[in-house]
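Coordinate analysis (summary)
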Amino acid sequence: MDYLDAVKVLRSNPLFSKLDQAKLKLLAFASEYQTFKDGEVLFNAGEPSDCAYLINEGEAIVVVEKDGSEIIINTLGRHEVFGEMGIFRNSARSATIKAKGDLSVMRIDGDMFLSLVTENPDAALGVMRLLSDKVADASVLAKK
Amino acid sequence: MILIPRMQKKVNVLAKERVRTVRALSERIGETVSGMEEVHAHDTSELVLADFSARIGKIYDIRYQIYRRKFFIKFLNNFIAMVTPFLFYLIGGYLVIEGSLTFGALVAVLGAYKDLSSPWKDLLRYYQQKEDARIKYDQLIEQFQPAGMLDEGLQRDEPEDIPALTGPVIATNLSVEEEGGIKVLEGVSFTMEPKSRTAVVGVGGSGRSALVQLLARLTNPDGGSIRIGDHNLKNLPEAVTGRRLAYVGPDSYVFSGTVKDNLLYGLKHRPGIPARYDEEGQRHHQQFILEAKEADNTTSDINADWIDYAAVGASGPEDLFEYIDKALKAVELDEDVYELGLGGTLDPTAAPELAERILEARRVLHERLEDPAYGDLVESFDREKYNTNMSVAENLLFGTPIGADFELDQLGLNPHVLAVLDKVGLTKDFLATGARLAAIMVELFQDLPPGHQFFQQYGFISSDDLPEYQNVSRRAESVGIDELDETERTMLMSLPFKLIPARHRIGLIDKEMQARLLDARRVFAETLPGGQKDSVAFFDRLEYNAAASIQDNILFGRLVYGRPQSHRKIGKLISEVVEAQNLRQAIMGVGLDAEVGIAGSRLSPAQQQKLSVARCLMKNADILIINEATAGLDPASQTRIMNNIFEFVGDRGLVWVLNQADLARHFDHAIVMEGGKVLEHGRVEELNQPGRPLHDLAVG
């Protein structure tokens, strides 16, 4: 995928849609385009959080280990962003992410992601919205 | 007249060599001082002395040659200076005798009188210098003989037979004082049963470390004694303590040299199998022995095989690896050595059979890569195919550069490369691609602060050069590439060489360009000037590449970008192939020959600790003493390695100073130290009860 195509993918997510073209181009150029096969691990719970991901094509599952067995707590789809919470909290990964079928993602460097959000009010607002949604999802999940 | 400058030239060369050799000697002295504990603990004083003897012998040799030449030059100078007046006087004298010259006689007498005093002056000066040097020498020697030194006999004596130290260890009323009267140990008494496992615990400063240093006879107590069986430890020569005991401390020293040198260090007490010399070497060696005797240095030959194979249990160099591997496995260093080997290089002319087997491994690996599970993880080298996971420069070269001629960073400046591009008509395309690349980089990076990590990371243009490229890119757009001057063209030409299509995803190297680059690759190899034939080791499916690492030789391709799994999966696959081809031992052999750097700096601290422990294991000593030597490892590996060492040591003695008291539960006996005294000692199951000190330390 050419980096100019990557710009389009980034724009498809509300987090980045309001950013100006120059910033997006740099982000697209500096991000790594990665592919995974079914079951391959993107990161494990407990690893340091050094990047965020945006799904380009395919699905990923969020897995936590409980009493020695794996439980899928969420499935992530096209154009969703994940892995950003660890960056903000500067904490280790709270869950494991695996590919479900063929998966292609953009890997966004953690420092790059942080500076993007701190320097651009639009992106910051997008992140707040994203995080609020996740909190809301979590409370729905908790009620179940 | 021609002779003197020529000899002076040789003297200068020798003087340079002398400085180099002296510097190496002083480095080695510094290193030995830092590693003094190891020298005592492993009884390697003879090895160290032999090394010094050889180095000093070499310096002597060089100096001797220098002096011979220097004084010959002096002689010649003097001779020439003297021969003229001599002739003058001779002829003058003759003339005087003939009665045709009287003034000449006067000059001759005066001249002779003046020159007569010179030898006397020289003699006097020599005497003064000699006295001066003698006084300085005496002072220097005094400095090296402070009070409280270990008796030289204990270090140099080689007893007829080396008794085993397998009896019970009985310490009676030990005391150690530091300068200023501070008691480090006081009234320490205990008994250790033979062949038992004893843990020494206590907080820092409790004297636990001083205690085991006494036990290893690295220091002697100020009062009291330690007996092992029938022997008073104090009277045993290092030939016994350094071989029958093994001690490893918390910051054991790793000497510069190879991994193997360090691993076998504790086995090199006296020269074993003599070195083989050719006629010239033998003559030189005899000379060395003569001089060494004269200078009262050791005559042991540093080039001999010093390894004590019997101590390891091996019969000779042939089956040594088996034991090395066992020790490495015990400290979990085998994998590291294997990795070092994979990253190392091999000279296929020296080991043709091994190179052949590695090529076989390459073939097998590429067969396995056909499996869809690995399908897209590696892009193999293929002379007929453009490799999108390599830079343009690497694609052009299609080989490993040797030396500086074709350094990848500078390839855009190489005359042969530029000529090749011209020949295949790529120059203009390179300029155009360079211009587009410059425009993209300027657009992307112009708002970044100088020194931002991306400049480094993407390496096309540095932040300093960015404004210049901005100008060139603008000019290229407005006036066209043909109008650019030489400097501007060079700037643009150099850019595309760094492009890696799969990584940068800028799309500038399209299929058509790739095909023409393949053309350039072919022309580059075909027209390579004769003098540069040895500057590239080309990738050839059927040839071993001496300039590349063993791993690269097996892989013969590149891991693809954007597949984070490739590293782990392919690493595992290479391991499997190596195992299946029975190559592991040979690769580990290359790893064992890897240099560890000054004070082991090329190894991680954990690797250094493991290597120091393995060095002790190799000795198969009667008592192994470990003084917090695994404290730098994570708790899980510490416990694993502890269990491995238990198994390795078997029923021989083991004393371990623990940094975590709770690990004492794995031992038979424990000595609990506090404030330089033994708080209690005995069987662990008795001591490890609630309310008792050991239990408190373990829980706390």
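Residues numbered from 1 in each chain as written. Chains lettered and ligands numbered in written order. Predicted model: local features only at pLDDT ≥ 70, side-chain atom pairs only at ≥ 80, totals over all residues.

Counting its regular elements, chain A contains six helices and six strands. In chain A, the succession of helices and strands from N to C terminus is α-α-α-β-β-β-β-β-α-β-α-α. A principal-axis box enclosing the C-alpha atoms of chain A has dimensions of 50 × 30 × 25 Å. Per-residue burial over chain A gives 33% buried out of 144 residues. (Helix = DSSP H or I, 4+ residues; strand = E, 2+ residues; numbered from the N terminus. Buried ≥ 20, exposed ≤ 12 C-beta atoms within 10 Å, placed from the backbone.)

For chain B, the count of helices and strands is 28 helices and 16 strands. A compact globule built from 700 residues should have a C-alpha radius of gyration of about 27 Å, whereas chain B, at 36 Å, is more than 25% larger. Along the three orthogonal principal directions, the C-alpha set of chain B runs to about 120 × 90 × 50 Å. Classification of the 700 residues of chain B by burial places 33% in the buried group. Long-range pairs, those at least 24 residues apart, make up 74% of the contacts in chain B between residues at least 6 apart in sequence. (Rg over C-alpha atoms; globule rule 2.2 N^0.38 Å. Contact = placed C-beta atoms within 7 Å.)

Attention now moves to the domain arrangement of chain B. Residues and elements named next belong to chain B. According to the domain assignment, chain B consists of domain 1 (3–143), domain 2 (169–259 + 600–699) and domain 3 (356–587). Using only C-alpha atoms to locate each centre, domain 1 and domain 2 end up separated by 54 Å. Residue-level contacts link 10 residues of domain 1 with 12 residues of domain 2. Of all the elements in the fold, those that place two or more residues in the side of domain 1 that touches domain 2 are helix 1 (3–34) and helix 2 (36–42). Ranked by the residues each element gives to the side of domain 1 that touches domain 2, the list is headed by helix 2, at five residues. Taken together, the residues that form the side of domain 1 that touches domain 2 break down as one nonpolar, five polar and four charged. (Domains from an automatic or database assignment. Nonpolar A, V, L, I, M, F, W, Y, C, P; charged D, E, K, R; others polar.)

Another aspect to go through is the sheet that holds strand 1 (residues 169–177) of chain B. All names here are of chain B. Taken in spatial order, the four strands make up an open sheet running 2-1-4-5, and their pairing is antiparallel. This sheet does not close on itself; its edge strands, each paired only once, are strand 2 (183–192) and strand 5 (231–232). As defined by bridge partners, strand 4 (residues 223–228) adjoins strand 5 across two bridges and the pair is classed as antiparallel. Residue pairing for strand 5: isoleucine 228 is matched across the bridge by histidine 231. Against the sheet, helix 6 (residues 208–215) touches strand 1, strand 2 and strand 4, its axis set at about 60° to strand 2. (Pairing = 2+ DSSP bridges. Axes fitted to C-alpha atoms, helices over the stretch in contact; angles between N-to-C directions.)

Once that is clear, we can look at the interface of chain A and chain B. Between chain A and chain B, the residue contacts involve 14 residues of the former and 10 residues of the latter. Looking at the side of chain A that touches chain B, the elements that each hand over two or more residues are helix 3 (21–30) and strand 1 (32–36) of chain A. When its residues are assigned to classes, the side of chain A that touches chain B shows eight nonpolar, two polar and four charged.

Time to look at helix 19 (residues 486–494) of chain B. All names here are of chain B. All of the buried residues along helix 19 are Glu488, Met491 and Leu492. Down the axis, helix 19 shows its buried residues gathered within 90° of arc, on one side only. Exposed and facing more than 90 degrees away from the buried side of helix 19 are Glu486 and Thr487. Contact partners of the buried residues in helix 19: helix 16 (427–445) and helix 18 (466–479). (Arc of directions from axis to C-beta.)

Another aspect to go through is unusual backbone geometry. Residue and element names in this part refer to chain B. Positive phi outside glycine occurs at asparagine 173, with the angle close to 50°. Relative to the helices and strands, asparagine 173 is located in strand 1. Residue asparagine 173 is classed as partly exposed on the basis of its C-beta count, with 13 C-beta atoms lying within 10 Å.

Residues and elements named next belong to chain B. Packing of helix 15 (residues 415–423) against helix 21 (residues 511–526) brings their axes to within 9 Å, and their N-to-C directions diverge by 130°. The angle between the axes of helix 15 and helix 21 places the two elements in the oblique class. Two packed elements cross with a definite hand, and for helix 15 against helix 21 that hand is right-handed. Here Val417, Val420, Leu421 and Lys423 of helix 15 come into contact with helix 21, specifically with Ala520, Val523 and Phe524. For the contact of helix 15 with helix 21, the per-class residue count stands at six nonpolar, no polar and one charged. (Parallel < 35°, antiparallel > 145°, perpendicular 65-115°, else oblique. Left-handed = near helix turned anticlockwise from the far one by under 90°.)

Our focus in this paragraph is helix 26 (residues 635–649) of chain B. All names here are of chain B. Taking 1.5 Å per residue, 15 residues should reach 21 Å; helix 26 reaches 21 Å between its end C-alpha atoms and fits that length. All buried positions along helix 26 are accounted for by Ile641, Ile645 and Val649. One face of helix 26 carries all of its buried residues, which in axial projection span an arc of 70°. Looking at helix 26, the residues exposed on the side facing more than 90 degrees away from the buried face are Ala636, Asn643 and Glu647. Among the structural elements, helix 11 (320–330), strand 13 (623–627) and strand 14 (653–657) are those in contact with the buried residues of helix 26. After helix 26 finishes, the residue glycine 650 shows a positive phi value of roughly 60°. (Expected span 1.5 Å × (residues − 1).)

The next point concerns the environment of B:Ile56. Structurally, B:Ile56 can be placed in helix 3 (residues 45–98). For the pair formed by B:Ile56 and B:Ala548, sequence separation is 492 residues and the distance between their alpha carbons is 38 Å.

Attention shifts here to the pairing of strand 1 of chain B. Residues and elements named next belong to chain B. In terms of strand pairing, strand 1 meets strand 4 through five bridges, oriented antiparallel. Note that in strand 4 the partner of serine 175 across the bridge is glycine 223. Of the pairings in the sheet, the one linking strand 1 to strand 2 comprises six bridges and is antiparallel in character. Along strand 2, the bridge assignment pairs valine 169 with methionine 192.

Residues and elements named next belong to chain B. Between helix 18 and helix 19, the least distance of the axes is 11 Å, while the angle of their chain directions is 105°. Relative to helix 19, the element helix 18 is oriented roughly perpendicular. From helix 18, Tyr469, Val472 and Arg475 reach across to helix 19, where they touch Glu488, Met491 and Leu492. When grouped by side-chain class, the residues that make up the contact of helix 18 with helix 19 number four nonpolar, no polar and two charged.

So, about the confidence of the model for chain B. When pLDDT is averaged along chain B, the result is 89, and 98% of the positions lie at 70 or above. As scored by the predictor, the complex reaches a pTM of 0.79 and an ipTM of 0.86. (pLDDT = per-residue confidence, 0-100.)

In this structure, B:Val200, B:Val201, B:Leu396, B:Ala614 and B:Ile625 are the most contacted members of the largest nonpolar core, which totals 189 residues. Here this core takes nine residues from helix 16 of chain B, the largest share from any one element. (Core = buried A, V, L, I, M, F, W, Y, C linked by C-beta atoms within 7 Å.)

Here the focus is the sheet that holds strand 15 (residues 669–674) of chain B. Residue and element names in this part refer to chain B. Strand order in the open sheet formed by six strands is 6-13-14-3-15-16, and the pairing between neighbours is mixed. Either end of the sheet is taken by a strand with one partner, and the two such strands are strand 6 (245–248) and strand 16 (677–683). Each neighbouring strand pair of the sheet contributes to a mean axis angle of 15°, computed without reference to strand direction. As paired strands, strand 3 (residues 197–201) and strand 15 are joined by four bridges and run parallel to one another. Along strand 15, the bridge assignment pairs alanine 199 with alanine 670. Contacts between helix 6 and the sheet are confined to strand 3, strand 13, strand 14 and strand 15, with strand 14 contributing the most and set at about 150° to the helix.

In the case of a regular strand, side chains alternate between the two sheet surfaces. Sheet topology places strand 1 of chain A next to strand 6 (residues 96–109) of chain A; five bridges connect them, and they run antiparallel. Looking across to strand 6 of chain A, one finds that A:Gln34 is bridged to A:Val105.

Residues and elements named next belong to chain B. Along the chain, asparagine 620 turns up in the loop between helix 25 (605–617) and strand 13. With 23 C-beta atoms packed within 10 Å, asparagine 620 lands in the buried category. On a C-alpha basis, the gap between asparagine 620 and arginine 244 in space is 7.9 Å, while along the polypeptide they are 376 residues apart. In this structure, asparagine 620 is in contact with Ala311, Val312 and Gly313, ignoring residues within four places of it in sequence.

The next subject is the environment of B:Met642. You can see B:Met642 is positioned in helix 26. Placed 21 residues apart in sequence, B:Met642 and B:Leu663 show a C-alpha to C-alpha distance of 9.3 Å.

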